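Residue-level structure breakdown
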Amino acid sequence: MTCSLQTLWGAGGLLCLGLLVFQSAVHTGEAGVLTEVQSGPLYRVINRSLSISCNTSGFRDANAKQEFQFRIHKVGHPLRDLQIISTNDVGFTYNFYRKRVMKNEITVAHVAPTSVLFTIKKLEESDDGEYECFVVNSEKSFYGTYAAKTTVKVIGDSLTISSPDTAPLSLNEGDMLTLTCQASTNTVQHTHLSVTWYLHREKEDSARPIISLDKDFILIPGEAFEGRYQSGLIALDKVGAATYRLKIAKLELSDSGRIYCQAQEWIQDPDRSWFSILQKDAQATTLNVKAKGLVLDKGSLSVRMSVQQATLQEGQELAISCSVDTDNPAGQFFSVAWLRDSVELAKVGPTGVLSIGPEYSIREKGGELRATRTRDRDHQLILRPVRTQDQGEYRCRAWPEDRGPDGAFTQGAAQESSPLPVTISATASGLSVEMVKTDVGVDEGDVLRLTCKVNGVKGQLSVSWQHSASRATQSSRNVITLSREGVVEPGVDFGERNITAMRPATDTFTLVLDEATRSDAGVYQCVVSEWTVGSNGKISATNSQSQSGTVAVTPLESSLKVTLKSRGNIATIGEDVELVCRVQGPRLPMTLTWTLQRSGASSPDSILTLRSNGAIAWWGDQRRFQIKTTVLEKAADHTLIINGASSGEAGLYQCQVSVFLEKSHRRMPPSNLLAVMVNNPVSKLSLTSSPAVRENINADVELKCSAVKTTSAVSRLSVSWLVDRPAENSRLILTSDHDAVVTFGAQGELSDAQRISMKRGEGRSFELTIRKARIRDGGTYRCVVAEWLQDSRGQWYELSSVNKTTVLEIMEAASDLGVGEKEQQMMTVEGNDLELNCTLTSGGSDPSLLYTFTWFYTGPDPVLNKRPLVKLDYSGLLRYPESQELLGLQGRLRLSRPTRNNFHLGIKRAQVEDSGTYQCQVEQYQLDHQGSWQQKTLVNSGPVTLAVKATEINLAVAREDAKLNTTGPQHFTVPCNITAKSSQSSTLQVTWFWQQHSGSERLPIFMVYRNSTLQDRSGKGERLRFEHPAPNRFSLTVSKPVPEDGGLYFCEVEEWLLSPSRGWRKVAAEVSGELSVSVSTEEETGFSVGTLPGVLAGFIVCLLLVVVLLVLKIRRGRVAKKPADSLWADEPLKERLGADA
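Each value, and the rule that gives it
- Residues numbered from 1 in each chain as written.
- Predicted model: local features only at pLDDT ≥ 70, side-chain atom pairs only at ≥ 80, totals over all residues.
- Heavy atoms only, no water.
- Helix = DSSP H or I, 4+ residues; strand = E, 2+ residues; numbered from the N terminus.
- Buried < 20%, exposed > 50% of the residue type's maximum accessible area, 1.4 Å probe, protein only.
- Contact = heavy atoms within 4.5 Å.
- Disulfide = S-S within 2.5 Å.
- Pairing = 2+ DSSP bridges.
- Axes fitted to C-alpha atoms, helices over the stretch in contact; angles between N-to-C directions.
- 1 Å grid on protein atoms, 1.4 Å probe; cavity = no way out; pocket = protein on both sides within 12 Å on 5 of 7 lines; lining within 4 Å.
- Points joined across faces, edges and corners; volume = space filled by probe spheres on them.
- Nonpolar A, V, L, I, M, F, W, Y, C, P; charged D, E, K, R; others polar.
- Core = buried A, V, L, I, M, F, W, Y, C linked by side-chain atoms within 4.5 Å.
- Lys, Arg positive; Asp, Glu negative; His and termini not counted.
- Salt bridge = Lys/Arg side-chain N within 4 Å of Asp/Glu carboxyl O.
- Polar contact = N/O pair within 3.5 Å; in protein donor to acceptor, adjacent residues only side chain to side chain.
- Phe/Tyr/Trp six-rings, centres within 6.5 Å; stacked < 30°, edge-to-face > 60°.
- Lys NZ or Arg CZ within 6 Å of the ring centre and 35° of its normal.
- Arc of directions from axis to C-beta.

Turning our eyes to something else, we now look at the overall build of the protein. In terms of helices and strands, the protein carries eight helices and 86 strands. Per-residue burial over the protein gives 43% buried out of 1141 residues. Contacts spanning at least 24 positions in sequence make up 61% of the contacts within the protein whose residues lie at least 6 apart.

Take a look at the structure:
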């Protein structure tokens, strides 16, 4: 279907618009293009990789390869994008990313024809932003979503992992292995850690997982260790906040190799899937598991213990002997250990190497403890001087050691001696020890300070600080000692701690332990020893006294408080805002992170991170913020200054603290949320406009609205024009934003955009122009103006709007519609085309008015009274009222509008039945105040009486007779020329006939039907050629004729006319003149009287030639000849084709 303004009047545009709407409605039923990426924000770690998948669907060819482009919108510059990479355009990349793309640090690759994977191998801080995947349209039309966006947040690397057990280990088969590692993270976002212990055997390419604690806190054994885990021989325990302990109860030879732990940090993406953002390995421990040799039978070993004196006084010597009896002592190795109350004091190994327990290590270094092998089977422990705390029940334990080929020893079954009690009484001395505070409380991470005082000092003093978990615990560990010479030596478990022992005064000893931990809680004992010079001139400890006190450690989560406050958290755009994060508690190495949760965001954004070494990592716009720190006596204030606050800095602020304690990060409870509100300045905008305007219809209307006062001289203004009418909602006409870009309202009509415009005048005025005003343009017009200011970021923001109204009244003019009323008489012949004219004499020039045209028909038969024939309404809809009697006539009608005021009704191939009276009715419509089209007036044209006469028979064919003599090789043509037709719309049918002579039967030789179908009736059509050089000229040519082709030729023409009511009918038939043709061969004389030259000289010459030819002919005539086949068939035309053939 086509739309034409000439054929469908001015409403044809509406018809085309309706078709477009219909096609759009059909199109929306189809699946459009859909482009998708992973939902954001995606948190990824700096210097790690980033991958974004992007796929598209909905193209007509689902398997066609699509091309993709990736862009980034930087934080703080959302309207500016940087082109990163394209799958098909090497010139797409901006210079900012070109080097990284050329080095394949940034790639994009197809994983399917409609899917790609975008990868950044090493993230930089500047990669933070909003990424857009755009698919290049490969089709002619656009329909669907061709771009998708996701946000990427680049965060810092705060994962730490370490292992204190890095020294190589050599253990025997069946021994227990215990290893620990510390893993922690300081990431602000909510993350989970998973820890896995690996065994990397020699000559194996990859490590095998032993056991792991996954991100969901589920223990998962490795495939090779699952059986031992199910038997309880392998365990992984989380001890404390960041310590992970691996236990293997019985080592196997296959456990040899490098054992290490690996930590992974996981974050949950918005699609609810978990993603590993970071992975680190601790230093490995090399383990050598030796094969277990044969051990001696229990019955072959016995242990005996003896002491020289079981009751001693403080300061005397305690000597304990241990003897081992065996059946085969030669070449046998043993280990011997001494125990007091089940606590090992000392041990002599198979090679005679002495090792001291932690409780007596300091006394062994001070010369108070000695242990030696006196003979092959005898060992002795000497403790001098003894102290009261040395009393107790002593045992001796021994076990055989089997030495393997590699020199390593394998431990056999142990045997113990019978217990022997030893009593030690204190000697008379004036030495006394007193703890200054017996109950001490300290915050975790703070400094633990213990003091003890002594009285009655006679000689030199040394002090030893001991620690036990509780008073019920028999074993204790040495914390630190201060010798009489002032040498400080920490205990084994405190060697890496910041600890010291001091003697600030003669009678005072102080223990100082930094960064107290929860395991430091318990009972502390201050043991003071007095040293005197004996008669032999040697100095020795003659007396010792002790006093204990209890230490309670308050957990850091309870002692460290983080609060956030501000003196002014409500600001106007452009003002500075200060937020103070106060951290109260122990002074520990800590990391402080500021976050901002903006309205509508799914997760908070990191602003900055202040590390313990003073380094600052900025994650937001550094120009927007400053940080300063004030250290107080028991707290620290960290102040975040927002410079020139804008709406982008509004939201919920929070500070988060993590401390570094016990070689790991521990995240503390965050501060309270503090809302920062950034308000716009109060608008000072004021407007002026005319309260009412009256104009005539079709006049140009100007409505003016001016700003008389603004908030700032550099502000910009946006304006919206709206109209209010009774019983209607407010309708937006157009808007002009602060960049002066004009946009028409969605509810406006296409014609309004052509008539209505707006311009900005001098002095910040706005003029709305309505051209050719219509009645429906009346109403209350509102000019809504908003002032825009620019914040410190360069972003424009809107202040509250102000509006003014103007009432527009459109006055209607009286209708002057007129149409030609003169009666008309028309006459035509059946089959001709004709046009009936309906002319507007006045009132047709107003473009705001629409018209409906209806043609009526009244037939000569009383049955056919006045009926609507065709109607074109004001909306452009063309309708044919249903009428069975008029169906044939309606199918031949054509409606056109050659000029604005002329409407023609065309009738194709007029028939006699079309005769009657025709009349045109014109209705004028205009829009009312509600926007509805209402009829304004109606007029009728004068009647047109049409008379269609039947077709007169005027068919005429050229009837001149002619003669033609020709020889065989020469062809001849039988013309058939029509000199007149009864009707121009008639169709001709032509038939050529042949007669041997006048009076013989007429035989049809060739026919041309009215539908242009050709038929050869002679049977020798290869010698016939039909031509139709002109509408009324036909010809039939006979090539290579023979004598039998001679005879009379003529054509018969039939004239046919199509009638809607009677179908095809033959109107007339005429026969042309006859063409007499004589055909001779080359041997025969081809001349005749009519063809001899008129010149006598030529006749004589030719006569001689003829005589010669006749003689030759007579001679050849004696030979009998077979007659040639005639061109024409002897059978007559049996039947004419039917009327519709």
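Looking now at the state of the cysteines. Summed over all chains, the structure comprises eight disulfides. The partner cysteine of C581 in its disulfide is C655, sulfur to sulfur 2.0 Å. One disulfide, between C581 and C655, carries an S-S torsion of 80° and so falls in the right-handed class. Of this pair, C581 sits in strand 45 (residues 577-584) while C655 sits in strand 51 (residues 651-661), placing them 74 residues apart in sequence. Neither C581 nor C655 differs from the other in exposure class; each is buried. There is a disulfide in this structure between C838 and C920, and the S-S distance comes to 2.3 Å.

Bringing the sheet that holds strand 16 (residues 234-239) into the picture now. Here four strands make up an open sheet; going across it, the order is 10-12-17-16 and the pairing antiparallel. Strands at the two margins of the open sheet, each flanked by one partner only, are strand 10 (160-162) and strand 16. Taking each pair of neighbouring strands and ignoring which way they run, the sheet shows an average axis angle of 20°. With three bridges joining them, strand 10 and strand 12 (residues 177-184) adopt antiparallel strand pairing. Among the inter-strand pairings, I161 is bridged to a residue of strand 12, identified as A183.

Moving on, we get to empty space enclosed by the protein. Applying the stated criterion to the full structure yields two cavities of 30 Å³ or more. Taken as a whole, the largest cavity encloses approximately 130 Å³ of empty space. Considering the residues around the largest cavity, the lining is formed by 13 residues, among which G156, N186, T187, V188 and T609 are closest to the centre. Quantified by volume, the second largest cavity comes out at close to 40 Å³. The wall of the second largest cavity is formed by N186, T187, V188, T591, T593, Q656, V657, S658 and R667. Elements represented by at least two residues in the lining of the second largest cavity include exactly strand 46 (590-597) and strand 51.

It is worth spelling out the side chain of Q182 at this point. When you line up the elements, Q182 lands in strand 12. Excluding residues that lie within four positions of it along the chain, Q182 makes contacts with T160, I161, S162, P164, A242, T243, E662, K663 and S664.

Turning next to the sheet that holds strand 65 (residues 818-819). Across the sheet, which stays open at both edges, the four strands sit in the order 65-67-72-71 with antiparallel pairing between neighbours. Sheet topology places strand 65 and strand 71 (893-899) at the edges, where each strand pairs with a single neighbour. With six bridges joining them, strand 67 (residues 834-842) and strand 72 (residues 902-907) adopt antiparallel strand pairing. By the bridge assignment for strand 72, C838 is matched with F903.

Now for the layout of surface pockets. Here the largest pocket is characterised by a volume of approximately 1,200 Å³. Q182, T243, T517, S519 and E662 are the residues nearest the centre of the largest pocket, which is lined by 31 residues in total. Put simply, the parts of the chain that give the lining of the largest pocket at least two residues each are strand 12, strand 17 (243-248), strand 51 and strand 52 (664-667). Considered class by class, the residues forming the lining of the largest pocket number eight nonpolar, nine polar and 14 charged.

Judged by nonpolar contacts, the single largest core of 36 residues is most densely connected at L579, W594 and Y653. Secondary-structure elements contributing two or more residues to this core are strand 43 (561-565), strand 45, strand 46, strand 47 (605-610), strand 49 (625-631), strand 50 (635-642), strand 51 and strand 53 (674-679). With five residues, the single largest contributor to this core is strand 51. Core analysis: the second largest hydrophobic core is formed by 32 residues, I161, I210, L251 and A263 among them.

In this structure, D214 sits in the loop between strand 14 (208-213) and strand 15 (219-221). Although D214 is buried, it makes no salt bridge; K215 carries the closest opposite charge, 5.5 Å away. A polar contact is formed between the side chain of D214 and the backbone nitrogen of D216, at a distance of 3.0 Å.

Next up on the list: the pattern of salt bridges. Under the defined criterion, the tally for this structure stands at 44 salt bridges. A single network of salt bridges, built from pairs that share partners, joins R363, E368, R387 and D390.

In this structure the tally under the stated criterion is 18 aromatic pairs. Note on F96 and Y97: the rings are 4.9 Å apart at their centroids and 75° apart in plane angle, and the pair reads as edge-to-face. Through pairs of rings, three or more aromatic residues link up here, namely W992, F1006, F1026 and F1034. The residue whose ring lies beneath R484 is W531, and the NZ or CZ to ring-centre distance is 4.4 Å.

Of note, E265 is situated in strand 18 (residues 257-268). The class for E265 is buried, based on a relative accessible area of 1%. C-alpha of E265 to C-alpha of S158: the two residues are 107 residues apart in sequence and 9.8 Å apart in space. Apart from the residues within four sequence positions on either side, E265 is in contact with L159, T185, T187, T191, H192, L193, F275, S276, I277 and L278. A polar atom in the side chain of E265 sits 3.1 Å from the side chain of T191.

With that out of the way, let us pick up helix 2 (residues 95-102). Every buried residue belonging to helix 2 is among Y97, R100 and V101, and all of these are buried. One side of helix 2 holds all its buried residues, which, seen down the axis, span an arc of 100°. Residues N95, K99 and M102 are exposed on helix 2 and point more than 90 degrees away from its buried face. Where helix 2 is buried, its residues contact strand 4 (68-74), strand 5 (81-86), strand 6 (106-112) and strand 7 (115-120). Immediately beyond the C-terminal end of helix 2, within one or two residues, lies N104, with a positive phi of roughly 60°.

Quick look at the environment of T187 now. Relative to the helices and strands, T187 is located in the loop between strand 12 and strand 13 (191-200). Residues within four places of T187 in sequence aside, it is in contact with I155, S158, E265 and R667. Polar contacts involving the side chain of T187 include one to the side chain of T185, which spans 2.9 Å.

Pairing between strand 77 (residues 962-967) and strand 86 (residues 1075-1080): six bridges, direction parallel. Its bridge partner being in strand 86, T967 is matched across the sheet by S1080. Bridging between strand 84 (residues 1047-1059) and strand 86 involves three bridges; their strand directions are antiparallel. Within strand 86, the residue paired with Y1049 across the bridge is L1075.

For the peptide bond that leads from G40 to P41, omega is 5°, which places it in the cis range. Of note, P41 is situated in the loop between strand 1 (34-37) and strand 2 (42-45). Here R384 and P385 are connected by a cis peptide whose omega angle stands at -5°. Here P385 is to be found in the loop between strand 28 (378-383) and strand 29 (392-403). For F217, which is not a glycine, the phi torsion comes out positive at approximately 65°. We note that S1012 has phi near 70°; this positive angle belongs to a residue other than glycine. Looking at the secondary structure, you find S1012 in the loop between strand 80 (1003-1008) and strand 81 (1014-1016). Classification of S1012 by relative accessible area gives exposed; the value is 61%.

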